[in-house]
Amino acid sequence: MDLVNLSSNLLFVAFILYLIATLFFGATIRDKRSKRNGKEIAGKIGITITIIGFLAQLGYFITRWMASGHAPLGNMFEFVTFLGMAMVLAFIIIYFMYRLSFLGLFALPLAMIMIAYASMFPSELAPLVPTLNSNWLYIHVSTVAVGQGILFISFVAGLMYLIKQIDQRKRTKKNTWLELVLYSIFLFIGFIVSSTIFSIMDYEATFEYQDGTQILETEYRLPPIAAPNNGELLTDGVREPWFEAPAWMQGADAGRKFNTVIWSVITGTIIYGLTVLTLRKRVGAALQPLLRGVKADLLDEIMYRSVAIGFPIFTLGGLVFAAIWAQIAWGRFWGWDPKEVWALITWFFYAAFLHLRLSRGWHGEKSGWLAVIGFGIILFNLIVVNLILAGLHSYA
Amino acid sequence: MNKIKCECGHVNPEGTVLCEACGKPIEGNQHIDGNDKKLLLNMRYEGSARRSQTYRKSIIDKVWSFFSSVKVGVWLIVIALVASMIGTLFPQQQFIPQNAESRDPAVYYEAQFGIIGKIYYELGFHEMYSSWWYLLLLGLIGVSLVICSLDRFIPLYKALKIQKPKRHETFLNRQRLYSETEAVSETEIEQVKERLRKQRYKITEQNGHILAEKGRFSRWGPYVNHIGLIIILLAAILRSTPIMFTDEYVWVREGETTVIPGTKGEYYIENKKFYVDYHNPEDERFKDAIEQSGMVESNFQTDAVIYKDTNTGLPGAESELEKILEYPIRMNQPAKFDGYTLYQSGYQPNEFSSMTFKIHETDDEDATAVDSFTVDLFEPESEYILDNGFRIEMEQYYPDYYLDDDGEPASETNFPRNPAFVFLVYPPESSSPEVSFIGIGRNVDATGENEYKIGIQDFETHFVSGLTLRVDRTLIFFGLGAAIFMIGVIQGMYWQHRRVWIHPKNNGLLLAAHTNKNWFGLSKDIEKAIEKTNIKMVEDRQELDK
C-alpha cells in the first residue's frame, strides 16, 4: 500500500526534522560570544523547522487516516504518536506566546522520545473494534491528547526550573530526586534502544503459559530474563530464562511485559551510567549551566500558564467527553474503570496544583515538583494502566 | 456583633480587615490576612470579614473554619487520590476476569495476589468506590466546596459592591504597583482617564478620586466552577434513587418477544435477528494485523422491534402490543424510546433452540433410526408419541447441565446452553419404560439393559442478545454541572480583575493598581494610559514568599 508507506515515511521525516530543530534551539544557548541577533536567527530557524516537522507529522496522520478509513487513534502506536504530535503542537503554541527558544531544546527531544516509544508498538494498520467505532473516538482522544500535550509543556518548564534552581554543588536530597526524574527518562531510552536492537536482530522466543483457565502463547521479542509465571519455553535454541515472573502479575502477556521492563531498566541504567561517566557529574549538574541564561520567573510563568490552559482542555477531553462517549457506548458515563479512575486522579492532582498555587502561594520550586509529578501521573495512566492494570482501555 | 465604623463613615461587619468602602486597614484585625508583617496588603478577599476567620468559639464555628480551609480541602483531595490509586491496584469486583479460576472475591484476591490480595479484600478495597467511607470522603469534599465558597464569596461580593473610588492613602501605598507624582495637570488626568476608557476600563469618580476597573466578573470564576462541581455531586446523590435511575439487563433470543424489565411491563422487545460481523481477513489494509491478533469483530447488532402494551390499565387484561420502534441496536448506537435507552451489551452465541433425537436398537452398529422426535428447548413437552408406536416421557430436563457440589445433576441457568435430559422410553406395546440419560457428549444407560438407545441426530442454535436498559434522568444535571464548571474555569482563568486607583494629593497624585493575576498585563495597560504625561510609572514591589 502506497499510502501506508508514504505515511510512515512522513513520520520518519518529522522525527528527523525535530532532531534538526533541536540542534538549532541548542545553538541559541551555547555561544556567549555570538550576538543576540545570531541567537534570534537560530531560534527562528529552529521554530520554522519544528513547524515543518509538525506539518510532516500531520501528513502522516492524514495519509494513515486515508489508508485505514478511520482516524489513527485506535491503538497504542497510533495514540502515543498522536500524543507526541500534540506535545509538539503545544510547544509551538507556547513558543509563540513566550518566544523562549530554550524550551525547544528540552521539549522537542522529550517529544521525540515519545514518538520513538510509540514506534516500539505494533504499527500495522488495524481494524477498529465495534466499541471504538464512533465519532467520539476522534473528539475524546484528540482533546485528551492536546490537553496532555499542553500539560507536558508545564512538565518541561517545571523540569527546566528545577534543573536551573536546585543547588548542584554537593549532593542533597533535592538534587538526588531530580536526578531520579532524569534517570527515569533514561529508562524510556533504554526501552527504545533494547527493543530496536533485538528487533533488528529479529529475535523471537515463544512461551506457553496458563492465564486463569486458558492456556495461552506469548511471543518474546527480547531475550527472556523473566519467563511467564508457570510458562514453558517452546522455541528451540534460545537462552533459558533466569526466573519466572511472580504469580500476582496477571493479565495477558504479564510475563512478557515484566521482561520488557527488566530490559528497559538494565539498558537504561547502562546508558545512564555511561552518560554520568562521560560527564563526570550528575546529569542535572551537567544540564544546569545550559539554563544560565533563562529567567526562572519566565519558566515559572510558562509552567503555570500551560497548566491553566491544559487543565480545562484535559477536563473537557478526559472527563466530560469521555463520560459522554461512555454513556453512548456502554450506557454508563462513569464506571470506575482503572483508566477512568486515573483520569480522575490526574484531574484532582492538577486541581490541587492550581489551588496550592493560587491560594497558598506555591510558586517556583514547589510548583515545579508538582508539574513533574503531574506529568508522571499522566504517563502512569498511559503506560502502566494500559499495559498492566487490566481494563476497558487495554488496546495493546 | 461589634460593627466597626471606619473614619470614612462606612460601617463594617466584625472581622473586617480593610474597610469595605475606603480600604483603610482596620486596626487590630491585620493579623487575620497577615498584613501586619508585610508592606503589601493581602488583597485576595479584599480584606473582607470572613466568618471562618472571625468567629472561632462555638462548635459550629470550629466546624465551619475547619471546612473553609483550603488546606483541609486539598488534604481531602489528596486522601481521595491515594485511596483511588489503591483501588486500581487490583481489579475491582466487577472487573474480575471472566476466565478466573474462581470469581468469588473471597477466594479470588487471595489466590491471585497472595497476602496483599487478602488484605485488599478484607479492607473492602475490592468494592471501594461504593464503600461508605469513599462516598463519605467525596461527601466531605462536597461540604468543603460549599463552605469554602460561601465563606469567601459572600463577603467578597459585598466588598466589591461597596468599594468607593475614594480610597484611603494607606490602602494605595500598600499596593504592589504604586507610584507618587508631585505635579500633574488636570488635562493629563483627563487624558489618562480617556486612555483607560479606551482599554475598556470602567471609570468611576468621587471628588477627583478615580477608580478604573475591568474584568470584575473573573473574580466569580472560582465560585461558578465550584457551583458546577456541587451540582455534579448532587446529581450523583440523586442518581442513587430509582426514580432518577434504572438499570436492567435483558436477554432476548432471536425470534423471541419478551417484556423489558424495569418498564413496569409496559414495553416489549422482539429480537428479529442478531449479528456478529467480522472484519474481512482478506482486506488488504488490515491483513497483517488480523493475522497477528486473530479475527476482529466489526459489528454487534440486534435488529430489534420495540412494542408498547396499550392494555396495561386493567390488571390481568391481555396485552395488546403496538409497534413503536424498529431499530438496529449496535455498539455506540443505542435505541431510544419514551425516555428509555437500550444498549447492546453482550451476546450468547450458539444457544440451542431445538434438538432432534433418534431412537435405534442398542445392538445396531449402524445406529439406523427406528424413529425420531424433536424437542423445542423453550417449550418442551412432557410426552412425545411417535409414529412407530414409541412413547417418550421427559422425566428430567436440565437446560444448562452441570454436576453440583453434591455430585447431583442440576441446571446452572435456565438457558439451554448445555441441555441434558432424562427420557423414559416406552417401546411399542410395552408399559415398562427404559431410562436414558442424554446430553451433549453424554449418553448413559442407567441399567445397562436398554433395548433401545437415544442419540442426538440434529440441533438448531441461535444467538441470544444481551441488552442493557437504562433510564437516567440525572444526565441533564451532570451535563449542566460540567458546563457550569467549564464556564467557571474559563471565566476565572482567562480574564483578570484589574483596578487602577488615582488619588489626588496636593498638586500631584498617588497611583496604585491591583490585579488578581497577570501583573505584567496590568503594567502594560498603565504604561499605555500614562504615556507622555508627567505621571510616574508604577513600581512593582512584589514581595516573594520564602
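Since the model is a prediction, treat every value here as computed from it, not as a measurement.

**Remarks on the overall build of chain B**
Regarding its fold elements, chain B presents 11 helices and 24 strands. For a compact globule of 546 residues, the expected C-alpha radius of gyration is about 24 Å, and chain B comes in at 39 Å, more than 25% above that figure. Referenced to the eigenvectors of the C-alpha coordinate spread, the extents of chain B come out at roughly 130 × 60 × 50 Å. Taking all 546 residues of chain B together, 48% fall into the buried category. Approximately 28,600 Å² of chain B is accessible, and the part contributed by carbon and sulfur atoms is 52%. For chain B, the separation between the mean place of its 59 positive charges and that of its 78 negative charges on side chains is 28 Å.

**As for the overall build of chain A**
Of regular secondary structure, chain A possesses 11 helices and five strands. Its C-alpha radius of gyration of 22 Å places chain A within 12% of the 21 Å reference for a compact globule of 396 residues. Projected onto its principal axes, the C-alpha coordinates of chain A cover approximately 65 × 50 × 50 Å. Excluding contacts between residues fewer than 6 apart, the proportion of contacts in chain A whose partners are at least 24 apart in sequence is 75%. Total accessible area computed for chain A in this model is approximately 16,800 Å², and 65% of it derives from carbon and sulfur atoms. Computed over 30 positive and 24 negative side-chain charges, the separation of the two mean positions in chain A equals 21 Å.

**Some details on helix 8 (residues 221–238) of chain B**
Here helix 8 of chain B spans 26 Å end to end across 18 residues, near enough to the 26 Å set by a 1.5 Å rise per residue. Those residues of helix 8 of chain B that fall on the buried side of the exposure criterion are B:G221, B:Y223, B:N225, B:H226, B:G228, B:L229, B:I230, B:I231 and B:A235. The inward-facing, buried residues of helix 8 of chain B abut helix 10 (338–360) of chain A together with helix 5 (132–162) and helix 10 (475–494) of chain B.

**Here's the deal with the packing of aromatic side chains**
Applying the stated criterion across every chain yields a total of 62 aromatic pairs over all chains. For the ring pair A:F155 and A:F375, a centre distance of 4.9 Å and an interplane angle of 20° mean the geometry is stacked. One end of the pair, A:F155, is in helix 5 (residues 135–165); the other, A:F375, is in helix 11 (residues 364–387), and 220 residues separate them in sequence. For the pair shown, A:F155 and A:F375 are each scored as buried. Between the aromatic rings of B:Y109 and B:Y121, the centroid separation amounts to 6.3 Å while the plane-to-plane angle is 15°, which identifies the pairing as stacked. With relative accessibility at 0%, the residue B:Y109 sits in the buried group. The class for B:Y121 is partly exposed, based on a relative accessible area of 24%. Here the aromatic cluster, defined as three or more aromatic residues joined through ring pairs, consists of A:W334, A:W336, B:F90, B:Y108, B:Y109, B:Y120, B:Y121, B:F125, B:W133 and B:Y134. The ring of B:W519 has B:R176 lying over it, and the distance from NZ or CZ to the ring centre is 4.2 Å.

**Quick word on the interface of chain A and chain B**
One frequent convention defines the size of an interface as the accessible area lost when the parts assemble. Counting residues at the interface gives 58 residues for chain A, matched by 54 residues for chain B. Of the roughly 4,900 Å² buried between chain A and chain B on both sides combined, carbon and sulfur atoms contribute 66%. One can count zero salt bridges joining chain A with chain B. Secondary structure elements with two or more residues in the side of chain A that touches chain B: helix 2 (36–68), helix 9 (296–330) and helix 10 of chain A. Residues of the side of chain A that touches chain B, tallied by class, amount to 36 nonpolar, 16 polar and six charged.

**Some words on the domain arrangement of chain B**
Here chain B is described as being made up of domain 1 (1–35), domain 2 (59–146), domain 3 (168–215 + 496–546), domain 4 (245–349 + 466–477) and domain 5 (353–459). A separation of 66 Å is found between the C-alpha centroids of domain 1 of chain B and domain 4 of chain B.

**Digging into the domain arrangement of chain A**
Residues and elements named next belong to chain A. Domain parsing of chain A yields domain 1 (1–127), domain 2 (151–167 + 296–396) and domain 3 (169–281). Together domain 2 and domain 3 conceal approximately 1,100 Å² of surface at their shared face, both sides included; 70% is due to carbon and sulfur atoms. Scanning the region where domain 2 abuts domain 3 turns up two salt bridges. Measuring nitrogen to oxygen at the nearest pair gives 2.8 Å for the salt bridge that ties E365 to K174. Linking domain 2 with domain 3 are three residue pairs in polar contact (both at pLDDT 80 or more). Looking at the side of domain 2 that touches domain 3, the elements with two or more residues in it are helix 5 and helix 11. Ranked by the residues each element gives to the side of domain 2 that touches domain 3, the list is headed by helix 11, at six residues. Its residues assigned to classes, the side of domain 2 that touches domain 3 shows 10 nonpolar, no polar and two charged.

**Points about unusual backbone geometry**
Peptide bonds are, in most cases, trans, and in most cases residues other than glycine have a negative phi. Residues and elements named next belong to chain B. Not every positive phi belongs to a glycine, and N332 is a case in point at roughly 70°. Note that N332 resides in the loop between strand 10 (321–330) and strand 11 (335–337). Judged by its relative accessible area of 10%, N332 falls in the buried class. For D338, which is not glycine, the phi torsion reads 40° and is therefore positive. Along the polypeptide, D338 turns up in the loop between strand 11 and strand 12 (340–361).

**Here's the deal with a nonpolar patch on the surface**
Together, B:L89, B:I115, B:I116, B:I119 and B:L123 make up an exposed nonpolar region whose accessible area comes to about 510 Å². Structurally, B:L123 can be placed in the loop between helix 4 (105–122) and helix 5.

**What about the nonpolar core?**
Side chains of nonpolar character tend, in soluble globular proteins, to be buried together. In this structure, A:F91 and A:Y117 are the most contacted members of the largest nonpolar core, which totals 151 residues. Filtering out sequence-adjacent residues up to four positions away, A:Y117 remains in contact with A:M76, A:V80, A:F188, A:F191, A:I192, A:I383 and A:L387. Counting 21 residues, the second-largest nonpolar core is a separate cluster that includes B:V500, B:W519, B:L522 and B:I526.

**A short note on the sheet that holds strand 10 of chain B**
Adjacent strands of a sheet form backbone hydrogen bonds with each other and so pair up, either parallel or antiparallel. Residue and element names in this part refer to chain B. In spatial order, the strands read 7-8-9-10; together these four strands make up an open sheet with antiparallel pairing. The sheet is open, and its two borders are formed by strand 7 (257–259) and strand 10, each paired with just one other strand. Strand after strand, the sheet turns through a mean of 25° between neighbouring axes, direction not considered. Bridge count for strand 9 (residues 297–309) against strand 10 is nine bridges, and the pairing is antiparallel. Paired with Q301 across the bridge in strand 10 is R330.

**Considerations on the pattern of salt bridges**
Residues and elements named next belong to chain A. Under the definition given, this model contains 33 salt bridges over all chains. Between D300 and R357 there is a salt bridge, and its shortest N-O distance comes to 2.8 Å. Linking D300 in helix 9 with R357 in helix 10, this pair joins segments that are 57 residues apart in sequence. Among the ionic contacts, a cluster of salt bridges with common partners joins E204, E219 and R221.

**Overview of the packing of helix 5 of chain A against helix 11 of chain A**
Residues and elements named next belong to chain A. In the contact formed by helix 5 and helix 11, the axes pass within 8 Å of each other and the chain directions differ by 135°. On the basis of the axis angle, helix 5 is oblique to helix 11. Where helix 5 crosses over helix 11, the two elements pack in a sense that is left-handed. Residues Q148, L151, F152, S154, F155, G158, L159, Y161 and L162 of helix 5 form the contact with helix 11, whose participating residues are G364, E365, G368, W369, A371, V372, F375 and I378. The class makeup of the residues in the contact of helix 5 with helix 11 is 11 nonpolar, five polar and one charged.

**Here we look at the confidence of the model for chain B**
For chain B, the mean per-residue pLDDT works out to 86, and 97% of the residues sit at or above 70. Model confidence for chain B, summarised as mean pLDDT per element, is weakest for helix 9 (residues 287–293) of chain B at 80 and strongest for strand 5 (residues 209–214) of chain B at 94.

**Topic: the packing of helix 9 of chain A against helix 10 of chain A**
Residues and elements named next belong to chain A. Put simply, helix 9 and helix 10 touch, their axes get as near as 10 Å, and they point 145° apart. Here helix 9 runs over helix 10; the crossing is left-handed. On helix 10, the residues touching D300, M303, Y304, V307, F311, F314, T315, G318 and L319 of helix 9 are A343, L344, T346, W347, Y350, A351, F353, L354, R357 and L358. Per-class residue counts for the contact of helix 9 with helix 10 are 14 nonpolar, three polar and two charged.

**Thoughts on the sheet that holds strand 18 (residues 420–426) of chain B**
Residues and elements named next belong to chain B. Taking strand neighbours across the sheet as the criterion, the five strands line up as 14-15-18-19-20 in an open arrangement whose pairing is antiparallel. Of all the strands in the sheet, the pair left with one neighbour each is strand 14 (383–385) and strand 20 (442–445). Strand-to-strand, the axes of this sheet are offset by a mean angle of 20°, without reference to chain direction. As judged from the three bridges shared by strand 14 and strand 15 (residues 391–398), these two strands associate in the antiparallel manner. Bridge pairing links E383 to E393 in strand 15.

Analysis parameters
- Residues numbered from 1 in each chain as written.
- Chains lettered and ligands numbered in written order.
- Predicted model: local features only at pLDDT ≥ 70, side-chain atom pairs only at ≥ 80, totals over all residues.
- Heavy atoms only, no water.
- Helix = DSSP H or I, 4+ residues; strand = E, 2+ residues; numbered from the N terminus.
- Rg over C-alpha atoms; globule rule 2.2 N^0.38 Å.
- Buried < 20%, exposed > 50% of the residue type's maximum accessible area, 1.4 Å probe, protein only.
- Areas by Shrake-Rupley, 256 points an atom, 1.4 Å probe, with all protein chains shown as cover.
- Lys, Arg positive; Asp, Glu negative; His and termini not counted.
- Charge placed at Lys NZ, Arg CZ, Asp CG, Glu CD.
- Contact = heavy atoms within 4.5 Å.
- Expected span 1.5 Å × (residues − 1).
- Phe/Tyr/Trp six-rings, centres within 6.5 Å; stacked < 30°, edge-to-face > 60°.
- Lys NZ or Arg CZ within 6 Å of the ring centre and 35° of its normal.
- Buried area = accessible area lost by both parts, 1.4 Å probe.
- Salt bridge = Lys/Arg side-chain N within 4 Å of Asp/Glu carboxyl O.
- Nonpolar A, V, L, I, M, F, W, Y, C, P; charged D, E, K, R; others polar.
- Domains from an automatic or database assignment.
- Polar contact = N/O pair within 3.5 Å; in protein donor to acceptor, adjacent residues only side chain to side chain.
- Patch = residues over 30% accessible without salt bridge, like charges linked within 9 Å, V, L, I, M, F, W, Y side chains within 5 Å.
- Core = buried A, V, L, I, M, F, W, Y, C linked by side-chain atoms within 4.5 Å.
- Pairing = 2+ DSSP bridges.
- Axes fitted to C-alpha atoms, helices over the stretch in contact; angles between N-to-C directions.
- Parallel < 35°, antiparallel > 145°, perpendicular 65-115°, else oblique.
- Left-handed = near helix turned anticlockwise from the far one by under 90°.
- pLDDT = per-residue confidence, 0-100.

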